[in-house]
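Chain residues, written in single-letter form:
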Amino acid sequence: MFFKIKSYFQFLIKSTNQHGVHSPFVYNLVTKCFYDSKKKDSYPKIKSILKKNTVDINFKNAKLINRLITYLDYKSVLIPEKSSNNIAEILTINNYISISNSETNNKEYDFIFLNINKLKENPKYLETLFSRVHNDSLLLLQAIHSSKEHQLFWEKLQDHYKVKVTIDTFDLGFIFFRKEQEKEHFTIRV
């Protein structure tokens, strides 16, 4: 618990809002999606899912991942953890997407969601996931600051040669593979 508190204060010191972002792609993502404060029809449904089920995500982040699907116009989603059925339910509210729980097919995915612990337990799994992404894909990792090991693994991921853009929002880590973009790392308050 002490690590997480210390990590959060370090995050606050390093983090910025849209004014510290010099990438047009990330600036638009932050201003039009992360900071979108309009009420959505999906929010009461999300709140209901979170109340009924044990979901390891807060309401603010659940709303954000639901908005991401619409904003980025994603259609194919991979959620390889069976325990994340509630996340799948949150993603599909007002979004028309196909969700898979297995990466065994050779399909490329727009959006992959998983807890960083799954990658930390099996680092070779990362290459499997990276073989299932395309230029505009997003790998969204949960719990990147929940432990020292997770944070170190997150920092190691940022240096991977396929990773171009990462965004740290403390609870979530966003990994983009945009070949046309310079390698950049952002720490954003949401």
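As shown above, the structure is provided for reference.
Fair warning: this is a prediction, and the values are worked out from it, not measured in the lab.

### Some remarks on the pairing of strand S4 (residues 133–142)
Both faces of the sheet carry side chains from a regular strand, because those side chains alternate between them.
Then comes step 1: Burial runs high along S4: 7 of the 10 residues are buried.
Then comes step 2: Judged from the 6 bridges that link them, strand S3 (residues 109–115) and S4 form a sheet pairing that is parallel. Residue pairing for S4: leucine 114 is matched across the bridge by leucine 141.
Then comes step 3: Sheet topology note: the S4/strand S6 (residues 172–176) ladder contains 5 bridges and is antiparallel.

### Some details on the environment of isoleucine 49
Then comes step 1: On the secondary structure map, isoleucine 49 appears in helix H3 (residues 42–52).
Then comes step 2: Put simply, isoleucine 49 and phenylalanine 3 are 46 residues apart on the chain and 30 Å apart in space, counted from C-alpha to C-alpha.

### Looking at the nonpolar core
Then comes step 1: Counting 39 residues, the largest nonpolar core has Phe34, Leu68, Phe111, Ile167, Phe174 and Phe176 as its most contacted members.
Then comes step 2: At the level of elements, helix H2 (24–34), H3, helix H4 (59–72), helix H5 (85–92), S3, S4, strand S5 (165–168) and S6 are the ones that each hand at least two residues to this core.
Then comes step 3: Contact partners of phenylalanine 111, with chain neighbours within four places excluded, come to Leu68, Ile69, Tyr74, Ser76, Val77, Leu78, Leu91, Leu138 and Leu140.

### Let's talk about the packing of aromatic side chains
Then comes step 1: Overall, the coordinates contain 8 aromatic pairs when judged by the stated rule.
Then comes step 2: Their ring planes at 80° and their centres at 4.9 Å tell us that tyrosine 8 and phenylalanine 170 sit as a pair that is edge-to-face. With a gap of 162 residues between them, tyrosine 8 in helix H1 (residues 2–14) and phenylalanine 170 in the loop between S5 and S6 connect regions that are remote in the sequence.
Then comes step 3: Ring geometry for phenylalanine 11 and phenylalanine 170: centres 5.5 Å apart, planes at 55°, overall tilted. Taken together, the positions of phenylalanine 11 in helix H1 and phenylalanine 170 in the loop between S5 and S6 put the pair 159 residues apart, joining distant regions of the chain. Phenylalanine 170 matches phenylalanine 11 in its accessibility class, with the two residues each being buried.
Then comes step 4: Linked through ring pairs, Tyr8, Phe11 and Phe170 together constitute an aromatic cluster.
Then comes step 5: Above the plane of the ring of tyrosine 125 lies lysine 118, whose end atom (NZ or CZ) is 5.1 Å from the centre.

### Quick look at the packing of H3 against H4
Then comes step 1: At their nearest, the axes of H3 and H4 sit 10 Å apart, and the two run at 130° to each other. Comparing the axis directions of H3 and H4 gives the class oblique. Of the two possible hands of crossing, H3 and H4 adopt the one that is right-handed. Facing Ser42, Tyr43, Ile46, Lys47 and Leu50 of H3, the residues of H4 in contact are Phe59, Ala62, Lys63, Asn66 and Arg67.
Then comes step 2: Residue classes in the contact of H3 with H4 are distributed as 5 nonpolar, 2 polar and 3 charged.

### Re the sheet that holds strand S2 (residues 98–100)
Then comes step 1: The sheet built from 7 strands is open, its strands ordered S2-S1-S3-S4-S6-S5-S7 with mixed pairing. In this open sheet, the two strands that pair with only one neighbour each are S2 and strand S7 (184–187). Strand-to-strand twist of the sheet, defined as the mean angle between neighbouring strand axes without regard to direction, takes the value 15°.
Then comes step 2: In the packing of H4 onto the sheet, the strands contacted are strand S1 (76–78), S3, S4 and S6, and the crossing angle to S6 comes to about 15°.

### Focus on the side chain of threonine 166
Then comes step 1: Looking at where threonine 166 falls in the secondary structure, it is placed in strand S5.
Then comes step 2: A polar contact is formed between the side chain of threonine 166 and the side chain of histidine 185, at a distance of 2.5 Å.
Then comes step 3: Every residue in contact with threonine 166, bar those within four places of it in the chain, is listed here: Trp154, Gln158, Phe174, Ile175, Glu184, His185 and Phe186.

### Brief notes about the pattern of salt bridges
Then comes step 1: The final tally for this structure, using the stated rule, is 4 salt bridges.
Then comes step 2: For the salt bridge of lysine 40 with aspartate 36, the shortest nitrogen-to-oxygen distance reads 2.6 Å.
Then comes step 3: According to the relative accessible area criterion, lysine 40 is partly exposed, its value standing at 27%.
Then comes step 4: Aspartate 36 gets classed as buried once you look at its relative accessible area, which sits at 16%.

Analysis parameters
- Residues numbered from 1 in each chain as written.
- Predicted model: local features only at pLDDT ≥ 70, side-chain atom pairs only at ≥ 80, totals over all residues.
- Heavy atoms only, no water.
- Buried < 20%, exposed > 50% of the residue type's maximum accessible area, 1.4 Å probe, protein only.
- Helix = DSSP H or I, 4+ residues; strand = E, 2+ residues; numbered from the N terminus.
- Pairing = 2+ DSSP bridges.
- Core = buried A, V, L, I, M, F, W, Y, C linked by side-chain atoms within 4.5 Å.
- Contact = heavy atoms within 4.5 Å.
- Phe/Tyr/Trp six-rings, centres within 6.5 Å; stacked < 30°, edge-to-face > 60°.
- Lys NZ or Arg CZ within 6 Å of the ring centre and 35° of its normal.
- Axes fitted to C-alpha atoms, helices over the stretch in contact; angles between N-to-C directions.
- Parallel < 35°, antiparallel > 145°, perpendicular 65-115°, else oblique.
- Left-handed = near helix turned anticlockwise from the far one by under 90°.
- Nonpolar A, V, L, I, M, F, W, Y, C, P; charged D, E, K, R; others polar.
- Polar contact = N/O pair within 3.5 Å; in protein donor to acceptor, adjacent residues only side chain to side chain.
- Salt bridge = Lys/Arg side-chain N within 4 Å of Asp/Glu carboxyl O.

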